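Residue strings, one per chain:
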Amino acid sequence: MRIVVKVGTSTLAHGTGLINIRQVEHLCKVLSDLKNAGHQVILVSSGAIGMGAGKLGLTERPRDVAGKQAAAAVGQCELMYTYDRLFLKYSHVVAQLLLTADDFTHPDRRANLEQALFRLLELRALPVINENDTVATEELSVGDNDTLSAYVAAAARADLLVLLSDIDGLYTADPHVDPNAELIHTIPALTDEILAMAGGSGSALGTGGMATKLRAAQIATQAGIDMVIANGARPETLYDIVEGKEIGTRFLKEE
Ligand code: GLU
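Sequence positions are assigned chain by chain, starting from 1 and proceeding in written order. Where totals are concerned, whole chains, interfaces and linings use all residues; where local detail is concerned, this predicted model gives features only for residues with pLDDT of at least 70, and gives and counts side-chain atom pairs only at 80 or more. As a convention, hydrogens and water are excluded, and side-chain values are obtained from all of the structure's heavy atoms.

Engineer: Describe the overall build of the chain, with residues and values.
Structural biologist: For helices the rule is a DSSP run of H or I covering at least 4 residues; for strands it is a run of E covering at least 2, with both sets numbered from the N terminus onward. Of regular secondary structure, the chain possesses 10 helices and 8 strands. This radius of gyration counts C-alpha atoms alone. The globule rule is 2.2 Å times how many residues there are, raised to the power 0.38. Computed over the C-alpha atoms, the radius of gyration of the chain is 17 Å, within 12% of the 18 Å expected from 2.2 N^0.38 for a compact globule of 255 residues. Viewed in the frame of its principal axes, the chain has a C-alpha envelope of about 40 × 40 × 35 Å. Throughout this description, buried means an accessible area under 20% of the type-specific maximum (1.4 Å probe, protein chains only), exposed means over 50%, and partly exposed covers the range between. Here the chain holds 255 residues, and the buried ones make up 50% of them. Contact between two residues is taken to exist if any of their heavy atoms lie within 4.5 Å; hydrogens are not considered. Contacts spanning at least 24 positions in sequence make up 71% of the contacts within the chain whose residues lie at least 6 apart. Counting rule applied: Lys, Arg positive; Asp, Glu negative; His and chain ends not counted. Throughout, a charge is located at the NZ atom of Lys, the CZ atom of Arg, the CG atom of Asp or the CD atom of Glu. For the chain, the centre of its 22 positive side-chain charges and the centre of its 32 negative side-chain charges are spaced 7 Å apart.

Engineer: Lay out the sheet that holds strand β7 (residues 226-231) in plain terms, naming residues and giving numbers.
Structural biologist: Taken in spatial order, the 8 strands of this open sheet run β3-β4-β2-β1-β5-β7-β8-β6, and their pairing is mixed. Edge positions in the sheet fall to β3 (94-99) and β6 (186-187), since each has one partner strand and no second. Pairing analysis gives 3 bridges linking β7 to strand β8 (residues 249-251), with the strands arranged antiparallel. In the strand pairing of β8, isoleucine 229 is matched with threonine 249. Axes here mean lines fitted to C-alpha atoms, for a helix over just the part in contact, with angles spanning 0 to 180 degrees between N-to-C directions. Seen against the sheet, helix α2 (residues 21-36) touches β1 (2-7), β2 (40-45), β4 (126-131) and β5 (160-165) and runs at an angle of roughly 155° to β2. Lying on the sheet, helix α6 (residues 107-122) is in contact with β1, β2, β3 and β4; it crosses β3 at an angle near 165°. A pair of strands is treated as paired once DSSP finds two or more bridges between them.

Engineer: Summarise the environment of glutamate 25; cite the residues concerned and give the values.
Structural biologist: Residue placement: glutamate 25 occurs in helix α2. Judged by its relative accessible area of 34%, glutamate 25 falls in the partly exposed class. For the pair glutamate 25 and arginine 63, spaced 38 residues apart in sequence, the C-alpha separation works out to 29 Å.

Engineer: Outline the nonpolar core, supporting the account with residue identities and numerical values.
Structural biologist: Most often, soluble globular proteins keep nonpolar side chains buried together rather than apart. By nonpolar core we mean a set of buried residues, namely Ala, Val, Leu, Ile, Met, Phe, Trp, Tyr and Cys, connected to one another through side-chain atoms within 4.5 Å. Judged by nonpolar contacts, the single largest core of 41 residues is most densely connected at Ile129, Val152, Leu161 and Met227. Broken down by secondary-structure element, the contributors of at least two residues to this core are β2, β3, α6, α7 (145-155), β5, α9 (210-222) and β7. Of all the elements, α9 adds the most residues to this core, at 6 residues. For methionine 227, the residues in contact, after removing those within four places along its chain, are Leu161, Leu163, Lys213, Ala216, Ala217, Ala220, Thr249, Arg250 and Phe251.

Engineer: Talk me through helix α3 (residues 48-55); I want residue IDs and the actual numbers.
Structural biologist: One full turn of an α-helix is made of 3.6 residues, so residues set three or four places apart face in the same direction. Counted residue by residue, α3 has 7 buried out of 8 residues, so it is predominantly covered. By the burial criterion, the buried members of α3 are Ala48, Ile49, Gly50, Met51, Gly52, Ala53 and Gly54. Tucked inside the fold, the buried residues of α3 contact α1 (9-12), α4 (65-88) and β4. Glycine 57 occupies a position one or two residues after α3 and carries a positive phi of about 75°.

Engineer: How would you sum up the packing of α2 against α4? Please name residues and give values.
Structural biologist: Contact geometry of α2 with α4 gives a least axis separation of 9 Å together with a crossing angle of 50°. On the basis of the axis angle, α2 is oblique to α4. Crossing handedness for the pair α2 and α4: right-handed. Mapping the contact onto sequence places Val24, Glu25, Cys28, Leu31 and Ser32 in α2 and Thr82, Tyr83, Leu86 and Phe87 in α4. Three residue categories are used. Nonpolar comprises Ala, Val, Leu, Ile, Met, Phe, Trp, Tyr, Cys and Pro, charged comprises Asp, Glu, Lys and Arg, and polar comprises the others, including Gly. For the contact of α2 with α4, the residue count by class is 6 nonpolar, 2 polar and 1 charged. Roughly parallel refers to an angle under 35 degrees, roughly antiparallel to one over 145, roughly perpendicular to one between 65 and 115, and oblique to any angle outside these ranges. Each helix crossing is assigned a hand: it is left-handed if the near helix lies turned anticlockwise from the far helix by less than a right angle, otherwise right-handed if that turn is clockwise.

Engineer: I'd like to hear about the packing of aromatic side chains, residue by residue, with values.
Structural biologist: Between rings of Phe, Tyr and Trp, where Trp is taken as its six-membered ring, a pair exists when centres lie within 6.5 Å; planes separated by under 30 degrees are stacked, by over 60 edge-to-face, and by other angles tilted. The full count for this structure, using the stated rule, is 2 aromatic pairs. Ring geometry for phenylalanine 104 versus tyrosine 151: centroids 5.3 Å apart, planes at 35°, classification tilted. One end of the pair, phenylalanine 104, is in helix α5 (residues 102-105); the other, tyrosine 151, is in helix α7, with 47 residues separating them in the sequence.

Engineer: So what about the environment of glutamate 122? Which residues, and what values?
Structural biologist: Relative to the elements of secondary structure, glutamate 122 occurs in helix α6. Linking glutamate 122 and glutamine 40, residues 82 residues apart in sequence, is a C-alpha distance of 9.2 Å.

Engineer: So, the side chain of serine 149: which residues are in play, and what are the values?
Structural biologist: The topology assignment puts serine 149 in helix α7. Using a relative accessible area of 0% as the deciding quantity, one classes serine 149 as buried. Polar contact is the term for a pair of N or O atoms within 3.5 Å; when the atoms are in protein, one must be able to donate a hydrogen and the other to accept it, and sequence-neighboring residues count only if both atoms are side-chain atoms. Here aspartate 146 takes part through its backbone oxygen, which lies 2.7 Å from a polar atom of the side chain of serine 149. Those residues within four positions of serine 149 in sequence are excluded, and the remaining contacts are Val4, Lys6, Val44, Leu161 and Leu163.

Engineer: Please provide a residue-by-residue account of α7, values included.
Structural biologist: Of all 11 residues in α7, 9 are buried; the element is thus mostly enclosed. Among all positions in α7, only Asn145, Asp146, Thr147, Leu148, Ser149, Ala150, Val152, Ala153 and Ala155 are buried. Where α7 begins, the side chain of aspartate 144 points an oxygen toward the backbone nitrogen of aspartate 146, at a separation of 3.0 Å. The first or second residue beyond α7 is arginine 157, which carries a positive phi of 50°.

Quick look at the structure:
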């Protein structure tokens with residue numbers, strides 16, 4: 001199976017912006033093991049801006065473009081250094097790809113990206129992808145990694161996209177405020193009713209939220225790819241997700 005896993009800042013870093021060592025180590029171990037079992041894995045990782053802010057001693061995520069660019073430049077190094085070290089422990093080689101919206105919309109650039117991606121998979125490397133936040137201006141950027149991961153899954157012709165988040169999946173209402181909110185296990189089709197369930201961004205350091213996740217679900221399912229939203233606090237659940245067990249919320253691909 002070819003699996004794209006997207007991991008958000010809330011999974012990778014503590015509220016301080018510094019790396020959540022236990023969670024990142026767990027994640028790298030499980031992804032390495034999935035590769036050892038014969039799956040192809042592509043990781044779409046956020047955290048550059050959040051970690052850069054932490055490393056620069058900023059108390060919150062920068063809001064201005066230059067601040068985000070600077071934090072991303074610092075944090076991306078930290079991120080790749082961490083992945084390189086942790087995956088090497090399990091003898092897996094990582095490859096960094098920093099992309100912007102153009103890489104998906106411009107036919108030549110897209111072909112170029114696909115060629116590099118497929119060669120890396122052939123070489124059994126583990127592509128680690130993020131938006132090129134240091135140069136991606138507003139018009140050029142995809143803007144959030146949920147959407148980016150869906151584009152990546154489509155370009156890679158993946159079988160499955162998993163978004164690891166700080167929430168268990170899609171609920172009937174906001175579980176932080178409504179005690180009767182229930183987790184929805186399977187979404188057979190993205191109806192208007194489902195699309196209306198999105199709120200805003202959930203954490204101080206990340207950018208996503210349900211809205212971008214549902215947008216990702218639209219892109220992935222239309223491309224013929226199942227998408228799962230699950231809680232990144234327990235990376236081991238990826239084993240069950242890959243086996244098709246009922247974890248988080250699964251959006252079924254359009255046939
Ligand atoms: N590319 C951003 C970063 O690495 C994250 C975007 C997102 O979390 O959606 O910090």
